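Results of the structural survey
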Amino acid sequence: MALVALVALPYVLAARCGVDSCTDAVLATLAQDLTANYKGFSSCESRINWVKRNTGRDEEESCEKVAEEFPEECGACHPFQSPPPPQTSPSPSPPPPSPPPPSA
């Protein structure tokens with residue numbers, strides 16, 4: 001009887017749109033198109049898939065189009081430019097100086 005060893009190889013997924021910033025969370029983000037006949041919300045991923053299916057564009061071109069149309073929601077999936085840095089909360093203002101002690 002022959003003994004067969006199975007070796008698990010790591011499965012590496014290519015980043016969607018060719019950029020690591022295009023995460024599952026970004027792809028799931030809903031973007032609303034207020035200019036089209038359909039004024040509903042669709043996820044960034046749904047929009048990218050629609051562009052690929054209906055315009056003949058490849059993955060990167062579809063990502064670029066959607067990221068440019070919806071930069072706030074889908075901009076992290078733009079394959080040719082860096083996404084904007086994450087917004088941070090402003091630092092709180094320092095407290096006002098204490099009043100001088102009363103003169104005696």
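Above this text is the structure in question.
For the structure given in this document, a descriptive report is provided here. (Residues numbered from 1 in each chain as written. Predicted model: local features only at pLDDT ≥ 70, side-chain atom pairs only at ≥ 80, totals over all residues. Heavy atoms only, no water.)

Some remarks on the pattern of salt bridges
Inspection of the entire model under this criterion finds four salt bridges. With a closest N to O distance of 2.4 Å, Arg16 and Glu59 form a salt bridge. Of this pair, Arg16 sits in the segment before helix H1 (24-28) while Glu59 is found in helix H3 (residues 59-69), placing the two residues 43 residues apart along the sequence. A salt bridge links Lys65 to Glu69; its shortest N-O distance comes to 2.4 Å. (Salt bridge = Lys/Arg side-chain N within 4 Å of Asp/Glu carboxyl O. Helix = DSSP H or I, 4+ residues; strand = E, 2+ residues; numbered from the N terminus.)

Section: the state of the cysteines
Note on terminology: a disulfide is the covalent bond linking the sulfur atoms of two cysteines. If you walk through the whole model with that rule in mind, you get three disulfides. Note on cysteine connectivity: Cys17 is disulfide-linked to Cys63, with sulfurs 1.8 Å apart. Where Cys17 bonds to Cys63 through sulfur, the torsion about that S-S bond is close to -70°, and the disulfide is left-handed. In this pair, Cys17 is assigned in the segment before H1 and Cys63 in helix H3, connecting sequence segments 46 residues apart. Cys63 carries the same exposure label as Cys17, and that label is buried. Covalent S-S linkage joins Cys44 and Cys74, the inter-sulfur distance amounting to 2.0 Å. Here Cys44 and Cys74 share a disulfide; its torsion about the S-S bond, -85°, makes the bridge left-handed. (Disulfide = S-S within 2.5 Å. Buried < 20%, exposed > 50% of the residue type's maximum accessible area, 1.4 Å probe, protein only.)

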